[in-house]
Amino acid sequence: MNGTGTVRTPRTRNQQRKGTVTGKTIHSCLLAKPRDALGATSRGGTAKWKLVLFLIGLGTAALALALRPVIRNQLASRAEATLDAAQEALDAGDIAGALELGQSALLKAKKSQRSTAPCLMLLGMVREQQGERGGTADRLVYYAAAAQHLAEATQSGLPPEEEPRLQFHLAKCQHARGQYSESIRLLEQSLTTYPAGRAEAL
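These notes cover the structure that comes with them. (Residues numbered from 1 in each chain as written. Predicted model: local features only at pLDDT ≥ 70, side-chain atom pairs only at ≥ 80, totals over all residues. Heavy atoms only, no water.)

### Notes on the packing of aromatic side chains
And then number 1: In this structure the tally under the stated criterion is one aromatic pair.
And then number 2: For the pair Phe-168 and Tyr-194, a centre-to-centre distance of 5.7 Å together with 50° between the ring planes defines the contact as tilted. Linking Phe-168 in helix H5 (residues 163–176) with Tyr-194 in the loop between helix H6 (180–191) and helix H7 (195–201), this pair joins segments that are 26 residues apart in sequence. Each member of the pair, Phe-168 as well as Tyr-194, is classed as buried. (Phe/Tyr/Trp six-rings, centres within 6.5 Å; stacked < 30°, edge-to-face > 60°. Helix = DSSP H or I, 4+ residues; strand = E, 2+ residues; numbered from the N terminus. Buried < 20%, exposed > 50% of the residue type's maximum accessible area, 1.4 Å probe, protein only.)

What follows is the structure, given as structure tokens:
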């Protein structure tokens, strides 16, 4: 009995345990809430970074696709300029320079995914000149290489206006290799539409 006259009954052990368990539970909940909040914040931040990285990758891919035609056009322009320089070197009699420039133009044309026929045709003419200037042992090797380049040019989309010129030079290479029947047929086809070849043949 306390001072107010109320009789206080002693608490049983089960009631004490219930009180203790309840206190521990509340304490655990109070500690768990901040941890859960931190975990949710961390997961939210990770998701945001993933989204940012995805958008950056998507933008980079789109930019690369947009710039691809520009890069190809630049490579094509460089290939044409190199090919023009190779033709000038060939006209000037600089066979070594024409060969180096022609091979460089061929590589650039392949990278730009443009027709390689003009480059192959020029390389064929360079090899033809090497055959004309080479010794007995090397002539057939050069003429064979020239014929191969010229044949590849016909299969690579050569402009129609260049076909008579190519046929004339291919006929010369075949004639030098002893392929007379093939060379005569091509020579007859080219001489009707390639005046420069007609003058050279005479």
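### What about a nonpolar patch on the surface?
And then number 1: Residues Trp-49, Val-52, Leu-53 and Ile-56 make up a contiguous nonpolar surface patch of about 440 Å² in total accessible area.
And then number 2: Structurally, Leu-53 can be placed in helix H1 (residues 13–91).
And then number 3: When its relative accessible area of 57% is taken as the criterion, Leu-53 is described as exposed. (Patch = residues over 30% accessible without salt bridge, like charges linked within 9 Å, V, L, I, M, F, W, Y side chains within 5 Å. Areas by Shrake-Rupley, 256 points an atom, 1.4 Å probe, with all protein chains shown as cover. Salt bridge = Lys/Arg side-chain N within 4 Å of Asp/Glu carboxyl O.)

### Quick word on helix H3 (residues 117–133)
And then number 1: Along its 17 residues, H3 runs 24 Å from first to last C-alpha, staying within 8% of the 24 Å computed at 1.5 Å per residue.
And then number 2: Counting buried positions along H3 gives 13 out of 17 residues, so the element sits mostly inside the fold. (Expected span 1.5 Å × (residues − 1).)

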